[in-house]
Amino acid sequence: MSILVGRKAPSFRAKAVVGGGDVVDSFSMDQYIDQKHVILFFYPKDFSSVCPIEMHAFQKRLVEFEQRNVAVVACSTDTEDAHKVWLTMEASAGGIKGVTYPLVSDSSKVISKMYGVLAGDYQVETDGGLSASGPMIAYRGLFFIDMKGIVQFQLVNNFLLVRSVSEILRMVDAHLSFLENGEICRPE
């Protein structure tokens, strides 16, 4: 895994489900440059037992991110079709109905590899594709990317270790406080 903190976030174009159901063929993180900060988080699989909990946790706090001018974007190695179906399922059935932030499809596994969160053994082929053995799914990676496209915070957890949305908001607040006041945040 590579450390991306302090570096330009890898750029990509991919299919994504936005607004809770519309498929965009060419979703790009570049749309946020000079407009918004971004929380880009990777999760292992649609229809898993743990991922819906985390997806709903981000949705419940989405307004707090928006108040800070932060877009939330999720990404997994599932297809956009799988994302759409998952978005129609009620939470009681393991679905994520009601989630409105974008879900990026990384079925090629290239985005997960660029961000250093792809689990499994793989090799890059001469044509740029990947050949692999193992799960080939994303660890729970999270990247806080500023408006200039620079990664300010990076966190990578194993599959079953979910993230704290409160801690992520605290890190966002620390960065925004520094930008506004030039002061380093004190721990809670």
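These lines cover the structure that appears in this document, whether it is placed above or below. (Residues numbered from 1 in each chain as written. Predicted model: local features only at pLDDT ≥ 70, side-chain atom pairs only at ≥ 80, totals over all residues. Heavy atoms only, no water.)

**Digging into the overall build of the protein**
No. 1: A tally of helices and strands in the protein yields five helices and nine strands.
No. 2: Mapped from its N terminus to its C terminus, the protein presents α and β elements in the order β-β-β-α-α-β-α-β-α-β-β-β-β-α.
No. 3: Since a compact globule built from 188 residues should have a radius of gyration of about 16 Å, the 16 Å found for the protein is in line with a globular shape.
No. 4: Here the protein, with 188 residues, has 45% of them falling under the buried criterion.
No. 5: For the protein, the proportion of contacts with a sequence separation of at least 24, taken over those separated by at least 6, is 65%. (Helix = DSSP H or I, 4+ residues; strand = E, 2+ residues; numbered from the N terminus. Rg over C-alpha atoms; globule rule 2.2 N^0.38 Å. Buried < 20%, exposed > 50% of the residue type's maximum accessible area, 1.4 Å probe, protein only. Contact = heavy atoms within 4.5 Å.)

**Here's the deal with the pairing of strand 8 (residues 140-145)**
No. 1: Taking burial as the measure, the six residues of strand 8 include six buried ones, the bulk of the element.
No. 2: Taking every second residue as pointing to the same face, both faces of strand 8 are buried, with Arg140, Leu142 and Phe144 on one and Gly141, Phe143 and Ile145 on the other.
No. 3: Where strand 3 (residues 37-42) meets strand 8, four bridges bridge the pair, whose relative direction is antiparallel. Bridging from a neighbouring strand, leucine 40 pairs with phenylalanine 143 of strand 8. (Pairing = 2+ DSSP bridges.)

**Some details on the nonpolar core**
No. 1: Counting 25 residues, the largest nonpolar core has Ile39, Phe41, Met55, Phe58, Phe65 and Tyr101 as its most contacted members.
No. 2: At four residues, helix 5 (residues 165-181) tops the list of elements feeding residues into this core.
No. 3: Excluding residues within four positions of it along the chain, phenylalanine 65 makes contact with Ile39, Phe58, Val70, Val72, Val165, Ile168 and Leu169.
No. 4: Counting 23 residues, the second largest nonpolar core, distinct from the first, contains Leu4, Ala14, Tyr32 and Val104. (Core = buried A, V, L, I, M, F, W, Y, C linked by side-chain atoms within 4.5 Å.)

**Overview of the sheet that holds strand 4 (residues 70-76)**
No. 1: Spatially, the seven strands line up as an open sheet ordered 2-1-5-4-3-8-9, and their pairing is mixed. In the strand order of this sheet, the two ends are held by strand 2 (22-28) and strand 9 (151-157), each with one partner. For this sheet the average axis-to-axis angle between neighbouring strands, irrespective of direction, equals 25°. (Axes fitted to C-alpha atoms, helices over the stretch in contact; angles between N-to-C directions.)

**Considerations on unusual backbone geometry**
No. 1: A positive phi angle, near 65°, is found at aspartate 34, a position not held by glycine.
No. 2: Even without a glycine there, the phi angle at asparagine 69 is positive, about 60°.
No. 3: When you line up the elements, asparagine 69 lands in the loop between helix 2 (62-67) and strand 4.

**Some points on the pairing of strand 9**
No. 1: Bridge count for strand 8 against strand 9 is six bridges, and the pairing is antiparallel. Within strand 9, the position partnered with phenylalanine 144 by the bridge is phenylalanine 153.
No. 2: Between strand 8 and strand 9, which follow one another and run antiparallel, lie five residues, and glycine 149 among them has a positive phi close to 90°.

**Describing helix 1 (residues 51-60)**
No. 1: Burial runs high along helix 1: seven of the 10 residues are buried.
No. 2: Within the span of helix 1, buried status applies to Cys51, Pro52, Glu54, Met55, His56, Phe58 and Gln59.

**Quick notes on the environment of cysteine 75**
No. 1: With respect to the element layout, cysteine 75 can be found in strand 4.
No. 2: Cysteine 75 gets classed as buried once you look at its relative accessible area, which sits at 0%.
No. 3: For the pair cysteine 75 and asparagine 181, spaced 106 residues apart in sequence, the C-alpha separation works out to 33 Å.
No. 4: Those residues in contact with cysteine 75 that lie beyond four places of it in its chain are Leu40, Phe41, Phe42, Tyr43, Val104, Asp106 and Ile111.

**Section: the pattern of salt bridges**
No. 1: Taken as a whole and assessed by the stated rule, the structure comprises nine salt bridges.
No. 2: Three or more residues are tied together by salt bridges with common partners; here these are Glu54, Arg140 and Arg163. (Salt bridge = Lys/Arg side-chain N within 4 Å of Asp/Glu carboxyl O.)

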